Amino acid sequence: MRRLLAMLVAVRAQRQSLRAQLVAWVVLTLIGAICFNLYESYQTADQTAKLVTDRTLLSSARVIAEAVRVDEGGNVEADIPPAALEMFDTGDGDQVFYQIITAWGNLIGGFPDLPLPMVERTGQDLAFRNSTVRALTLNHPVVGLPDNGVISVTVASTHNSQYALRRRLWLDDFSKQLVLVLLAGAVTIVGLQRGLAPALRLRDAVRARGRERLDPLSPKMVQTEFQPLVHALNDHMERVQNQMAAQRRFVSNAAHQLRTPLALMSTQAGVAARETDDARREEALQALRGSIRHVSRLASQLLTLSRAEPGSRRPRSETIDLATTARDIVAAHAEQALQRDIDLGLEVSDSAPVEGDGTMLREMLVNLVDNAIRYTRPGGTVTVSVVRTGDVAVLDVEDNGPGIPAAEREQVFERFYRVLGTEGEGSGLGLAIVREVVDGAGGEVVLAEADGGGLVVSVRLPIAVAKRGRDKQA
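Just so it is clear, the model here is predicted, and its values are computed rather than measured.

A. How the structure looks around the pattern of salt bridges. Under the definition given, this model contains nine salt bridges. Between D54 and R134 there is a salt bridge; the shortest N-O distance is 2.9 Å. Pair noted here: D54 is in helix α2 (residues 18-66) and R134 is in strand β6 (residues 131-141), with a separation of 80 residues, a long-range link. R134 matches D54 in its accessibility class, with the two residues each being buried. Ionic pairing is found between R134 and D125, a salt bridge with its closest N-O pair at 3.2 Å. When salt bridges that share partners are traced, they join D46, K50 and R166 into one network.

So, in structure tokens, the structure goes:
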């Protein structure tokens, strides 16, 4: 059983081998060509053997016909020359039969029951005395017969020499083809070894590299057909290198961002523990609770950002109504807006179904609304609007806060980046989360200045395909 399993594993490994597949295709092609050539050579050998036998039969019939004479009394005589029969003596044990008859049907000599071919001077296979013979008939004029009469000479022989000749011709051709096939197979194997050598060198070069080495490979080390593979490997290693660098930056920045509030929390906890005055202890505890909320939000945003990154988890696709989701999130942040004396409004004109990860899309809206409320001064306004323009859903979050200078609008999408001089608590992760989620949903996000000052964050997402198709049918 183990041996059988080992054989099955070996066969499967060979099926997955490029070298084995190429050799198999070449061998199958050669075998097909050999089978066709052997069939053709057999037919050619058979035709050649029949032709040689027919020529021998014709020569024997001519020798016999030329030996027929008419005597002075008008009798036809046939003195069969030994050479007429000895030419069939090839050592293969053939039997020779002949028949000589006149035009009026008189038997001059030979076997009276020998069958006659249907066509003159053409060999034909006939049954005679429980065997098969090759027979040929020759009509030959004889001087002395009345009205230029002719005689019919039929010569037949068994197939021993014919079959032997066919076999020798076929085996000779087979041996030559076998040598050619073996030579072609050897050349093919050597060619495959030399042709696959650069690919094997590429494999060894990749295996020999350390896990930190991601510099590009040289496409010149392989043939032209494998160069796209090398380019693809280089592109993949570049993406991995960029992702690793981004992860290192992320971990470094996250550690830096967490170190400060954790140290502050430790200090606030120590102050609260040492205070004997109830009012001051409560003040320290309130500050500690604020720091805990800040750290909790930072950790939550870090987790959301890691989930939004490509490849972090299996992507989910679902259809959500962006207008309904915006309405729910605005309602959830109404109390926060009231506490900061901010007018939070919603403008929705139509349903806007979009396709993507529903959880991440909701997190995107939460971060946009939360950022707008945090950075807008008390007494300000925040307006969330969702409109549908053709096949695109447009989500705008507008505030009259300090805004973002045009030179820094692209940089704020980087993680932990914060505009200098801005008020409000923040970690610099909100817009980074928005960018990752929007990119994952196939949309785009743009920052612009509001009409009365402030900032407008505009998100454009494609309408869900199923909904778009139903609308067109309607």
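That covers the picture; the talk isn't over yet.
B. Expanded view of the environment of L169. Tracing the backbone shows L169 in helix α4 (residues 160-208). Along the primary structure L169 and A45 are separated by 124 residues, whereas in three dimensions their C-alpha atoms are 5.6 Å apart. Setting aside residues no more than four positions away along its own chain, L169 makes contact with A45 and T48.

C. Inspection of the nonpolar core at higher detail. Judged by nonpolar contacts, the single largest core of 41 residues is most densely connected at L322, M364, L368, L395, L447, V459 and L461. Of all elements in the fold, only α7 (322-332), α9 (358-375), β11 (381-389), β12 (392-399), α10 (430-440), β13 (444-449) and β14 (455-462) reach the threshold of two or more residues within this core. In terms of residue count, the dominant contributor to this core is α9 (eight residues). Counting 17 residues, the second largest nonpolar core, distinct from the first, contains L58, A61, A65 and I100.

D. Representation of unusual backbone geometry within the structure. Despite not being glycine, R129 shows a phi value in the positive range, around 50 degrees. Here R129 shows up in the loop between β5 (124-128) and β6. The phi angle at D341 is positive, at roughly 55 degrees, despite the residue not being glycine. Summarising the element assignment, D341 is placed in the loop between α8 (334-339) and β9 (343-348). Judged by its relative accessible area of 52%, D341 is exposed.

E. Fine view of the sheet that holds strand β3 (residues 96-102). The strand order β4-β3-β7-β6-β5 describes an open sheet built from five strands, whose pairing is antiparallel. Because the sheet does not close on itself, it has two edges, and the strands there are β4 (107-110) and β5. In this sheet, neighbouring strand axes are inclined to one another by 25 degrees on average, regardless of whether the strands run parallel or antiparallel. Pairing of β3 with strand β7 (residues 150-158) involves seven bridges; the strand directions are antiparallel. Within the sheet, the bridge partner assigned to T102 lies in β7 and is I151.

Scoring rules and cut-offs
Residues numbered from 1 in each chain as written. Predicted model: local features only at pLDDT ≥ 70, side-chain atom pairs only at ≥ 80, totals over all residues. Heavy atoms only, no water. Salt bridge = Lys/Arg side-chain N within 4 Å of Asp/Glu carboxyl O. Helix = DSSP H or I, 4+ residues; strand = E, 2+ residues; numbered from the N terminus. Buried < 20%, exposed > 50% of the residue type's maximum accessible area, 1.4 Å probe, protein only. Contact = heavy atoms within 4.5 Å. Core = buried A, V, L, I, M, F, W, Y, C linked by side-chain atoms within 4.5 Å. Pairing = 2+ DSSP bridges. Axes fitted to C-alpha atoms, helices over the stretch in contact; angles between N-to-C directions.

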